[in-house]
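Analysis of the macromolecular model
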Amino acid sequence: MLKKIDQLERLSRLLDPGPAECNDLFEQAGRYALATLERLPDTPTYQPDDGRNGFREAPIADEPVDMAELLAFFRSEVDTTGILPASGGQMGYIPGGGLFPSAIGDFLAGITNRYSGVSFAGPGAARMELSLVDWMRALVGYPETAAGDLTSGGSIATLSALVTARDACGIDFATIPRACVYLTDQAHHCVGKALHVAGLKDVQQRKVPMDDRFRMDVAALEALVNSDREQGLKPWLVIASAGTTDTGAVDPLTAVASIARQQDLWFHLDAAYGGFFLLCEEGRDVLDGIDSADSIVMDPHKGLGLPYGTGAVLVKNGGLLARSNAYYADYMQDAKPVFTADETWDSPADLSLELTRPFRGPRMWFPLKLFGLRPFRASLAEKIWLARYFHQELGKLERFETGPYPDLSIVTFRYLPQNGDIDDFNKRLVESVHRDGKVFITSTRINGRFTLRLAVLNFRTHRATVDYLLQLLQQKANELDY
Ligand SMILES: *Cc1c(COP(=O)(O)O)cnc(C)c1O
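Keep in mind that this is a model prediction, so the values were computed, not measured.

Interhelical geometry of helix H5 (residues 100–112) versus helix H13 (residues 361–371) gives an angle of 135° and a closest axis separation of 7 Å. With respect to their mutual orientation, H5 and H13 come out oblique. When you trace H5 past H13, the crossing you get is right-handed. Counting all contacts with H5, which are made through Pro101, Ser102, Gly105, Asp106, Leu108 and Ala109, the residues of H13 involved are Pro362, Arg363, Phe366, Pro367, Leu370 and Phe371. Across the contact of H5 with H13, the residue classes tally to 8 nonpolar, 2 polar and 2 charged.

Attention now moves to the sheet that holds strand E7 (residues 266–270). Taken together, 7 strands build an open sheet; the order of strands is E3-E9-E8-E7-E6-E4-E5 and the sheet is mixed. Every interior strand has two partners, whereas the edge strands, strand E3 (147–151) and strand E5 (204–207), have only one. Going from strand to strand, the sheet's axes swing by 15° on average, the running direction of each strand aside. By the bridge criterion, 4 bridges tie strand E4 (residues 179–183) to strand E6 (residues 234–241) in an arrangement that is parallel. Across the sheet, residue Ala179 finds its bridge partner in E6, namely Lys234. Across the sheet, helix H9 (residues 218–230) lies against E4, E5 and E6, angled at about 170° from E4, the strand it touches most. This element, helix H10 (residues 253–263), spans E6 and E7 of the sheet and lies at about 155° to E7.

What follows deals with the packing of aromatic side chains. In this structure the tally under the stated criterion is 13 aromatic pairs. Here the aromatic rings of Phe55 and Phe73 are separated by 5.2 Å at their centres, their planes lie at 90°, and the arrangement is edge-to-face. Separated by 18 residues along the polypeptide, Phe55 in helix H3 (residues 54–57) and Phe73 in helix H4 (residues 67–77) bring together distant segments of the chain. Relative accessible area serves as the criterion here: at 24%, Phe73 is assigned to the partly exposed category. Ring centres of Phe371 and Phe376 lie 6.3 Å apart, and the angle between their planes is 55°; on these two criteria the pair is classed as tilted. Taking the relative accessible area as the measure of exposure, Phe371 reaches 41% and is therefore partly exposed. Relative accessible area serves as the criterion here: at 8%, Phe376 is assigned to the buried category.

Conventions used here
Residue positions within a chain follow its written sequence, with the count starting from 1. This being a predicted model, a pLDDT of at least 70 is required before a residue's local features are given, and a value of 80 or more before pairs of side-chain atoms are given or counted; all residues contribute to the totals for chains, interfaces and linings. Just so you know, side-chain values use all the structure's heavy atoms and leave hydrogens and water out. The axes used here are C-alpha line fits, helices contributing only the stretch in contact, and every angle between their N-to-C directions lies in the interval 0 to 180 degrees. Helix numbering and strand numbering both begin at the N terminus, where a helix is a DSSP run of H or I of at least 4 residues and a strand a DSSP run of E of at least 2. Here the angle decides the label: under 35 degrees means roughly parallel, over 145 means roughly antiparallel, 65 to 115 means roughly perpendicular, and every other value means oblique. Take the far helix as the reference: if the near one is turned anticlockwise from it by less than a right angle, the crossing is left-handed, and if turned clockwise, right-handed. Residues count as neighbours in contact if any of their non-hydrogen atoms are within 4.5 Å of one another. Following the grouping adopted for this structure description, the nonpolar residues are Ala, Val, Leu, Ile, Met, Phe, Trp, Tyr, Cys and Pro, the charged ones are Asp, Glu, Lys and Arg, and the polar ones are all others, Gly among them. A pair of strands counts as paired when DSSP detects no fewer than two bridges linking them. Any two rings among Phe, Tyr and Trp, with Trp reduced to its six-membered ring, count as a pair given centres within 6.5 Å; such a pair is stacked if its planes are under 30 degrees apart, edge-to-face if over 60, and tilted if neither. Note on exposure labels: buried denotes an accessible area under 20% of the residue type's maximum, exposed denotes more than 50%, and partly exposed covers the range between, all computed with a 1.4 Å probe on protein chains only.

Listed below in structure tokens is the structure:
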């Protein structure tokens, strides 16, 4: 038996290479990362996929493969196809980030593998995450009794917020068919998904009309709530956006809050895209009233420039978040006594849908501490001004029609060709921008019309990138418009 165990140990020890080999792996990966960053300005932001699937020809097998070969494979099969989120040229959808110190944080999180879910297991790791949540709590202007959670993204943060709102307002099997949810057509689709997953797909969803700038019409909201109440229904939840995906519109937060208060509704705010604009004065002006929401979602992997995988939920009455998430099991008895939701909490898992989770603290903490807030504030203000600049400059070009002046950093626009179908022309225009590949923008439908949109958010997007897009749009439109 001992011989058998020793034999197995010799092989299993391959999982734990020594310092020299680790250093070699580290250096190779580091060289890859630095070369990638160096090439970034000259790398296309969009490279269409050829549909080849190299993974099929290289299945996971018993035999090891050399790191250099793996990096080459990673580059050709993953890192040269599709949209390049690390690039400042990524101005489609809602751009992401990829701060260098976040990668360092992820590396250290991975090596130490500290357990951030339960304070007993990783007191420092738990404190780090709770301190980051607390920083966001103060940023939105919530009281110290608020609580929150670092999630994988905005969708899960939204699910967590809506589950909390459901439990807090006693929405159950009996009340679901009468419960009314108010939102606009511009609400993100993750809201519908969260309602579904939370067992709430049979609530009454009311689409609140919008003004001509795609913001919730608050008078219409009030009328809908009153009419539902008169019919014996149960108005429950209003969902507003601080930065819609299509146009970046911010709903009138203070006015929505006032209706919510009068009508006893839970006010949930989707600030996944727009929330971190609170770091700059331009954004704070637009987001005035954000602290009046009962729950807020914001995405550090958008406005804060983190790599994908970090969203956040904040709930003003923190005990309610705990009430929906704190569970106890006997095998946890060393970690903590039975949880009571009225107490303070020191374990992220008591405020989260997750128990074991990636240690998300370092990817956020290292860049915030290393750079300090000043460059983040500047970058976010710069993005707002770049959107305003684009709106102004595109407005000067002939035949381009711009959408509303941007609330934040998204601009919608269309080209009005001399002949032919406008929708079809704009579809060809965005395709020609994709073929160029240097920068990337996307399209949407607004009031049924094919519309192009610019979203500036990546920390690497600066004026030269926007200028390139302006001249590219003009050139491509000229080529197509004959
Ligand atoms: C991105 C986004 C979401 C969804 O967040 P994920 O992080 O992609 O899950 C929700 N709402 C808005 C406004 C967004 O921009």
